[in-house]
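Here are the chains, one letter per residue:
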Amino acid sequence: MSENPILDELVHDQSTGSLLYKGVRYLLIRPETIAGFQKALTESCGKEACENLFAGGYAGGSLSAKKYKELHNFSDHEIIDFMMKMGNQIGWGNFSLVRYDPGVKHLCVAVKDSPFAQAYGQSSRSVCHLIRGVLAGMASVLFGGDCSAEEVQCRARGHENCRFEINAREAHSA
Ligand SMILES: [Zn+2]
């Protein structure tokens with residue numbers, strides 16, 4: 001079996017300049033492009049920039065988790081495994097599941113060699129907001145409700161790996 005089934009199944013449509021996986025469009029982008037955009041955004045919007053990037057990742061993560069879960073009829077464990085492998089195969093770093101506890105709606109994921117941290121360089125704050133968003137978006141599908149996520153360790157802050165703690169937000173009933 002191939003080491004990268006996602007890349008093997010990627011379809012290039014020359015007439016539109018599209019890369020498609022299972023009909024979903026993807027694009028390759030240099031991490032420096034994102035780091036530059038992120039730094040400029042942080043300068044103009046401050047902390048709100050982090051939450052905007054998080055929201056972008058969240059939208060993509062929940063769409064992907066929903067789509068591939070339905071497409072393959074995956075269990076929760078299978079979709080986590082698929083998304084970790086997909087992250088790896090599309091170049092977002094080496095993902096590993098640390099903990100999945102559906103009872104308390106908690107997920108913990110470690111990522112080695114995040115391209116976002118690598119391109120950003122040293123920082124006093126965690127910088128991998130897109131990964132944080134994607135994981136929270138995926139968790140929202142698993143836990144059936146909105147989720148929050150914190151990057152408690154980040155390569156950009158000098159930690160060995162990036163580490164994300166994801167929890168379901170408390171449902172506030174009116
Ligand atoms: Zn990080």
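All of the points below concern the structure found in this document. These numbers were taken from a predicted model, which means no experiment stands behind them. (Residues numbered from 1 in each chain as written. Predicted model: local features only at pLDDT ≥ 70, side-chain atom pairs only at ≥ 80, totals over all residues. Heavy atoms only, no water.)

Brief notes about the nonpolar core
Formally: What we call a nonpolar core is a set of buried Ala, Val, Leu, Ile, Met, Phe, Trp, Tyr and Cys residues that are connected through their side-chain atoms within 4.5 Å. We call a residue buried when its accessible area falls under 20% of the maximum for its residue type, exposed when it is over 50%, and partly exposed in between, using a 1.4 Å probe and counting protein chains only. Numbering of helices and strands starts at the N terminus; helices are DSSP runs of H or I of at least 4 residues and strands are runs of E of at least 2.
One finds Phe82, Leu107, Cys128, Leu135, Met138 and Ile166 to be the most contacted residues of the largest nonpolar core, which totals 44 residues. Among the elements that make up this core, the one with the highest residue count is helix H6 (residues 129-143) (nine residues).

Quick word on the coordination of the zinc ion
Selection criterion: Atoms are scored as donors when they are N, O or S and lie within 2.8 Å of the metal, with 3.2 Å used for Na, K and Ca; no water is included, so coordination may look incomplete. Four donors are marked tetrahedral only if all angles between them lie between 85 and 135 degrees, whereas four are marked square planar and six octahedral if opposite donors are more than 155 degrees apart and the other angles lie between 65 and 115; the remainder are marked irregular.
Taken together, the protein ligands of the zinc ion are Cys128 (SG), Glu151 (OE), Cys154 (SG) and Cys162 (SG), with distances of 1.9 to 2.3 Å. One way to put it: the four donor atoms around the zinc ion meet at angles of 100 to 116 degrees, and that makes the site tetrahedral. Coordination of the zinc ion draws on donor residues from a single chain, spaced C-x22-E-x2-C-x7-C in sequence. The class of cysteine 154 is buried, set by a relative accessible area of 0%.

Description of the packing of aromatic side chains
Note the cut-off: Between 30 and 60 degrees the pair is tilted, below 30 it is stacked and above 60 it is edge-to-face, where a pair is any two Phe, Tyr or Trp rings, Trp via its six-membered ring, whose centres lie within 6.5 Å. Working rule: Lys NZ or Arg CZ, within 6 Å of ring centre, within 35 degrees of ring normal, means a charge sits over the ring.
Scanning the model with the defined rule gives six aromatic pairs in all. With a centroid separation of 4.9 Å and 75 degrees between ring planes, the pair formed by tryptophan 92 and phenylalanine 116 is classed as edge-to-face. Placement of tryptophan 92 in the loop between helix H4 (76-89) and strand E4 (94-101) and of phenylalanine 116 in helix H5 (residues 115-120) is noted, with a sequence separation of 24 residues between them. Between lysine 39 and the ring centre of tyrosine 120, over which it is positioned, the NZ or CZ distance is 4.6 Å.

Concerning unusual backbone geometry
Even without being glycine, lysine 22 reaches a positive phi, approximately 55 degrees. The residue aspartate 113 is not glycine, and still its phi comes out positive at about 60 degrees. Turning to its location among the elements, aspartate 113 is positioned in the loop between strand E5 (106-112) and H5. Note on aspartate 113: relative accessible area 40%, which makes it partly exposed.

So, the sheet that holds E5
Put simply, the test is: By the convention used here, strands pair only if DSSP detects at least 2 bridges between them. Axes here refer to lines fitted to C-alpha atoms; in helices the fit is confined to the stretch in contact. Angles between the N-to-C directions go from 0 to 180 degrees. Note on contacts: a residue pair is in contact if any heavy atoms of the two residues lie within 4.5 Å.
Pairing in this open sheet of four strands is antiparallel, and the strands run E4-E5-E7-E6 from one edge to the other. Both outer strands of the open sheet, E4 and strand E6 (147-153), are each paired with one neighbouring strand and no more. With strand direction ignored, the average angle separating the axes of adjacent strands in the sheet is 20 degrees. Where E5 meets strand E7 (residues 162-168), six bridges bridge the pair, whose relative direction is antiparallel. Its bridge partner lying in E7, valine 109 is registered against phenylalanine 164. Across the face of the sheet, H6 comes into contact with E4, E5, E6 and E7 while running at roughly 140 degrees to E6.

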